[in-house]
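# Structural overview for review
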Amino acid sequence: MRHPAIEPILILQDREQTRRGLAQELAANPREVVAVKAKIAAEQAAIDAAKTEWRELETKKKMLETEIGLTEDKLGKYRTQQSMVKKNDEYQALGHEIDNAEAAVSRLEGEELEVMFEIDASKERFAKTESELKVKIKTLETQVVTLGEREKNLAAELAEAEQAFAASREPLSEKILRVVDRIAKRHLPVCSPIIGGNCGGCHLKVSGEVESIARKDEELATCDTCGRIVWWE
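### Regarding the side chain of Arg228
As for its position among the elements, Arg228 is in the loop between strand S3 (221-222) and strand S4 (229-232). No salt bridge is formed by the buried Arg228; the nearest opposite charge belongs to Asp224, separated by 12 Å. A polar atom in the side chain of Arg228 sits 2.7 Å from the backbone oxygen of Pro189. Those residues in contact with Arg228 that sit more than four places away from it in its chain are Ile183, His187, Leu188, Pro189, Val190, Ser192, Gly201, Cys202, Ala221, Thr222 and Cys223.

### A few points about helix H1 (residues 6-84)
Over its 79 residues, H1 extends 117 Å from the first C-alpha to the last, a length consistent with the 117 Å expected when each residue adds 1.5 Å. Bending of H1 peaks at approximately 30° at the position of Asn29, with proline Pro30 no more than four residues after it.

### Here's the deal with the packing of aromatic side chains
Within this structure, the stated rule accounts for 1 aromatic pair. Here Trp54 and Phe126 contribute two aromatic rings whose centre-to-centre distance is 5.4 Å and whose plane-to-plane angle is 45°, an arrangement assigned as tilted. With Trp54 in helix H1 and Phe126 in helix H2 (residues 88-169), the pair connects residues that are 72 residues apart, well separated along the chain. The exposure class of Trp54 is partly exposed, given its relative accessible area of 23%. Residue classification places Phe126 among the buried positions, given a relative accessible area of 7%. Above the ring of Phe165, the side-chain terminus of Arg19 is found at 4.3 Å from the ring centroid.

### Comments concerning a negative patch on the surface
On the surface, Glu209, Glu218, Glu219 and Asp224 cluster together to form a negatively charged patch. Within the secondary structure, Glu218 sits in the loop between helix H4 (208-216) and S3.

### Quick look at the nonpolar core
In this structure, Ile9, Leu172, Val180, Val190, Cys191 and Ile229 are the most contacted members of the largest nonpolar core, which totals 16 residues. At the level of elements, H1, helix H3 (174-184) and S4 are the ones that each hand at least two residues to this core. In terms of residues, this core owes the most to one element, H3, which gives 5 residues. Residue contacts for Ile9: discarding those within four places in its chain leaves Leu172, Ile176, Val180, Val190, Cys191, Leu220 and Ile229.

### A word on unusual backbone geometry
Each neighbour pair has its own omega, and for Leu188 with Pro189 the value is 5°, a cis peptide bond. Following the sequence through the fold, Pro189 ends up in the loop between H3 and strand S1 (191-195). The backbone of His203 sits at a positive phi, close to 70°, despite the residue not being glycine. Tracing the backbone through its elements, the reader meets His203 in the loop between strand S2 (198-199) and H4.

### Some words on the packing of H1 against H3
Running from amino to carboxyl end, H1 crosses H3 at an angle of 40°, the nearest separation of the two axes being 12 Å. Taken together, H1 and H3 sit at an angle that is classed as oblique. As H1 packs across H3, the resulting crossing turns out to be right-handed. Here Ile9, Leu12 and Arg20 of H1 come into contact with H3, specifically with Ile176, Leu177, Val180 and Ala184. Taken together, the residues of the contact of H1 with H3 break down into 6 nonpolar, no polar and 1 charged.

### Details of the sheet that holds S2
Strand order across the open sheet formed by 4 strands is S2-S1-S4-S3, with mixed pairing between neighbours. Bordering the open sheet on either side are S2 and S3, each of which pairs with just one other strand. Both S1 and S4 contribute to a ladder of 4 bridges, which runs parallel. Pairing of Pro193 across the sheet is with Trp231, part of S4.

### Overview of the pattern of salt bridges
Across all of its chains, the model carries 13 salt bridges by this definition. Notably, a salt bridge pairs Arg215 with Glu211, separated by 3.3 Å at the nearest N-O pair. Placement of both Arg215 and Glu211 in helix H4 is noted, with a separation of 4 residues, approximately one turn of the helix. Residue classification places Arg215 among the partly exposed residues on the basis of a relative accessible area of 47%. A network of salt bridges, in which partner residues are shared, links Glu16, Arg19, Arg20 and Glu162.

Thresholds, definitions, all that
- Residues numbered from 1 in each chain as written.
- Predicted model: local features only at pLDDT ≥ 70, side-chain atom pairs only at ≥ 80, totals over all residues.
- Heavy atoms only, no water.
- Helix = DSSP H or I, 4+ residues; strand = E, 2+ residues; numbered from the N terminus.
- Buried < 20%, exposed > 50% of the residue type's maximum accessible area, 1.4 Å probe, protein only.
- Lys, Arg positive; Asp, Glu negative; His and termini not counted.
- Salt bridge = Lys/Arg side-chain N within 4 Å of Asp/Glu carboxyl O.
- Polar contact = N/O pair within 3.5 Å; in protein donor to acceptor, adjacent residues only side chain to side chain.
- Contact = heavy atoms within 4.5 Å.
- Expected span 1.5 Å × (residues − 1).
- Bend = angle between axes of the 7 residues up to and from the residue.
- Phe/Tyr/Trp six-rings, centres within 6.5 Å; stacked < 30°, edge-to-face > 60°.
- Lys NZ or Arg CZ within 6 Å of the ring centre and 35° of its normal.
- Patch = residues over 30% accessible without salt bridge, like charges linked within 9 Å, V, L, I, M, F, W, Y side chains within 5 Å.
- Areas by Shrake-Rupley, 256 points an atom, 1.4 Å probe, with all protein chains shown as cover.
- Charge placed at Lys NZ, Arg CZ, Asp CG, Glu CD.
- Core = buried A, V, L, I, M, F, W, Y, C linked by side-chain atoms within 4.5 Å.
- Axes fitted to C-alpha atoms, helices over the stretch in contact; angles between N-to-C directions.
- Parallel < 35°, antiparallel > 145°, perpendicular 65-115°, else oblique.
- Left-handed = near helix turned anticlockwise from the far one by under 90°.
- Nonpolar A, V, L, I, M, F, W, Y, C, P; charged D, E, K, R; others polar.
- Pairing = 2+ DSSP bridges.

By themselves these figures say nothing about function.
Written out as structure tokens, the structure reads:
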């Protein structure tokens, strides 16, 4: 037979393991929420980056349009001035300015056309990126909600586990509880069978004295190596 305290100790350690497991999960839950929210922020940042690229190109296009407008104004003034001058050298100088302005307008219009193509491509990339990332964000937001519900459930389960743990301590004497609590600080489970002469906790051989005490079941035996309470299987 087992020592009469073994059965309640086994119940106690089982509830202790459940309680600790729930406490660890509950403690880890906020970290998981933070990690998921960080992913959401990263995905949103990627959307914003794609939008920024598109907006920067739109800004560049407006700047080119302004520059083209200013250059065309100069071109108009040069042509007006050229039509009014009488000296050949002045006429030729204005002609040179007109050629430069026309070349500048042509170059700027070419750049504007390239930017317009880039804008179209950027819009497509943004639309695709936004669509894909919004799906990811929605999934991640669902995870946050699920984790919130999980935290509430874990808290409720832990409260029940605490009550069950406290109840499982009642059948044991203060002396035995002190032993159990001391072992629990180092090891779980606190109580293991002796199988083939070895402790079921640390798997090392127990002394003949410990085995003899365990066989008699008159007092609690503890492993020479790990200190766990042991019983003869």
